[in-house]
Amino acid sequence: MVAGWEWDDTLFSGTAAYYERGRLPYAPGLADALAEALRPDGRGRLIDVGCGPGIIALSLAHLFAEIVGVDPDSGMIAEAARGAAGRGLADRSRWVRARAEALPAGLGTFSVAVFGQSFHWMDRDLVAATVRDMLLPGGALVHISDLKTEARTVDGLPHPAVPYAAVDELVRHYLGPVRRAGRGVLPNGTPGGEAEVFARAGFSGPRRLVLPGGQPLERSVDDVVAWVFSMSFSAPHLFEGRRDDFEADLRRLLRGASASGRFSERGPSTEVFVWGKDPSAG
């Protein structure tokens, strides 16, 4: 994926329990927008590749006869299964611990494949080509992410902004100046250019949708701590024997930034690209 870096199974180790609380939500209306764009008939199958705790797949389950989530982290798969059971979807969902590179893994064919902020961790050309082969003719690949180009301020909101720069500095103090990723480092981050990868794999399109964010959110100290521990570059295991010290310092920093222990934030916009598989393709 990135020269000098190899994926390993500690990448998101220990983050699953923090993920849903810590991560900011996708923009309102995502499921409705995808229903309008995809026009599913309720009989198809969806695969969510790099599903994490199943946030996207579970939100789209009402549009499909079956949802399948694939993720290499056992904690994420366990959280997704719990979420499905809590929503009464255990009989219409399947959660598979596997790397995307191991597909098709006997999972069959699908009408829709979704990548929610996960594709950049994969062997992208291999996975894109494999997923195309797993889609039925006329199927769709959907790539979902936060909109990276917008600036969000807390002007007019009641609480201070989350002090992200100070939090990043604290993480660097404990883990070093170079971004950590599993057992390795990613000094230049993860790759972009998804459009070229999907085009090389033979997909057509894309159609681009932008769902506006900006909704006011209130975040507690616990929410921000969960955000930090949900990220690959500050996963709990990276702190080794200093995790408790780090968390104590993090909480002290956050309490110093907001006397009430509350922060304001605006939800990010969500960018969606819908790629198609030619109806005549095999």
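The structure presented is a predicted model; accordingly, all values stated were derived computationally and were not measured.

1. Notes on the pattern of salt bridges
Pairing between side chains becomes possible if they bear opposite charge and their charged atoms approach one another. This structure, assessed with the given rule, holds 18 salt bridges. Here Asp125 ties to Arg200 by a salt bridge, and the two come within 3.0 Å at their closest N and O atoms. Of the two residues, Asp125 is situated in helix H5 (residues 124-134) and Arg200 in helix H7 (residues 194-200); the sequence distance between them amounts to 75 residues. Among the residues examined, Asp125 registers a relative accessible area of 38% and is labelled partly exposed. When its relative accessible area of 56% is taken as the criterion, Arg200 is described as exposed. A salt bridge links Arg251 to Asp222; the shortest N-O distance between them is 2.7 Å.

2. Notes on the environment of Val96
Within the secondary structure layout, Val96 lies in strand E3 (residues 93-97). Residue classification places Val96 among the buried residues on the basis of a relative accessible area of 17%. Considered as a pair, Val96 and His143 are 47 residues apart in the sequence and their alpha carbons are 20 Å apart. For Val96, the contacting residues outside a window of four places in its chain are Val68, Gly69, Val70, Asp71, Ile77 and Leu107.

3. Notes on the packing of aromatic side chains
A full pass over the atoms with the stated rule returns 14 aromatic pairs. Summarising the aromatic geometry, the rings of Phe115 and Phe119 are spaced 5.1 Å apart at their centres and angled 70 degrees between planes, so their arrangement reads as edge-to-face. Under the relative-accessibility criterion, Phe119 is labelled buried at 0%. When the ring of Tyr164 is compared with that of Trp227, the centres are 5.0 Å apart and the planes differ by 70 degrees; the resulting orientation is edge-to-face. Of this pair, Tyr164 sits in helix H6 (residues 164-175) while Trp227 sits in helix H8 (residues 221-230), placing them 63 residues apart in sequence. In this structure Tyr164 comes out as partly exposed when scored by relative accessible area, which is 27%. Note on Trp227: relative accessible area 14%, which makes it buried. Here a set of aromatic residues connected by ring pairs shows up, and it is made of Tyr18, Tyr174, Phe229, Phe239 and Phe246. Positioned above the aromatic ring of Phe229, the side-chain terminus of Arg243 is 4.4 Å from the ring centre.

4. Here we look at the packing of H6 against helix H9 (residues 243-257)
Where H6 contacts H9, the axes come no closer than 11 Å and their chain directions differ by 160 degrees. In terms of their interaxial angle, H6 and H9 are classed as roughly antiparallel. Crossing hand, H6 versus H9: right-handed. Two secondary-structure elements touch here, H6 through Ala166, Val167, Leu170, Val171 and Tyr174 and H9 through Asp245, Phe246, Asp249, Leu250, Leu253 and Leu254. Residues that form the contact of H6 with H9 fall into these classes: 9 nonpolar, no polar and 2 charged.

5. What to know about the layout of surface pockets
Gaps left between atoms show up when a probe the size of a water molecule is rolled over them. Within this model, the second largest pocket holds a volume of roughly 260 Å³. Together, 19 residues line the second largest pocket, and Leu38, Ser111, Gly138, Gly139 and Ala140 are the ones closest to its centre. Within the residue set of the lining of the second largest pocket, elements represented by two or more residues are strand E4 (110-116), strand E5 (135-146), strand E8 (204-211) and strand E11 (270-276). In terms of residue class, the lining of the second largest pocket is built from 9 nonpolar, 6 polar and 4 charged.

6. Points about the pairing of E11
Counted residue by residue, E11 has 6 buried out of 7 residues, so it is predominantly covered. In the sheet, E5 pairs with E11 via 7 bridges, with the strands oriented antiparallel. Counterpart to Asp146 in the pairing with E11 is Thr270. Bridge count between E8 and E11: 6 bridges; the pairing is antiparallel. Residue pairing for E11: Val210 is matched across the bridge by Glu271.

7. Here we look at helix H4 (residues 74-86)
Compared with an ideal rise of 1.5 Å per residue, which puts 13 residues at 18 Å, H4 spans 18 Å between its outermost C-alpha atoms and is within 8% of the ideal. Met76, Ile77, Ala80, Gly83 and Ala84 are the residues of H4 that are buried. Down the axis of H4, the smallest arc covering the buried residues is 125 degrees, so these residues share one side. Those residues of H4 that are exposed and aimed more than 90 degrees away from the buried face are Arg82 and Gly86. Lining the buried residues of H4 we find helix H1 (16-22), helix H3 (55-60), strand E2 (66-71) and E3. At the C-terminal side of H4, Gly88 shows a positive phi close to 70 degrees.

Parameters and conventions
Residues numbered from 1 in each chain as written. Predicted model: local features only at pLDDT ≥ 70, side-chain atom pairs only at ≥ 80, totals over all residues. Heavy atoms only, no water. Salt bridge = Lys/Arg side-chain N within 4 Å of Asp/Glu carboxyl O. Helix = DSSP H or I, 4+ residues; strand = E, 2+ residues; numbered from the N terminus. Buried < 20%, exposed > 50% of the residue type's maximum accessible area, 1.4 Å probe, protein only. Contact = heavy atoms within 4.5 Å. Phe/Tyr/Trp six-rings, centres within 6.5 Å; stacked < 30°, edge-to-face > 60°. Lys NZ or Arg CZ within 6 Å of the ring centre and 35° of its normal. Axes fitted to C-alpha atoms, helices over the stretch in contact; angles between N-to-C directions. Parallel < 35°, antiparallel > 145°, perpendicular 65-115°, else oblique. Left-handed = near helix turned anticlockwise from the far one by under 90°. Nonpolar A, V, L, I, M, F, W, Y, C, P; charged D, E, K, R; others polar. 1 Å grid on protein atoms, 1.4 Å probe; cavity = no way out; pocket = protein on both sides within 12 Å on 5 of 7 lines; lining within 4 Å. Points joined across faces, edges and corners; volume = space filled by probe spheres on them. Pairing = 2+ DSSP bridges. Expected span 1.5 Å × (residues − 1). Arc of directions from axis to C-beta.

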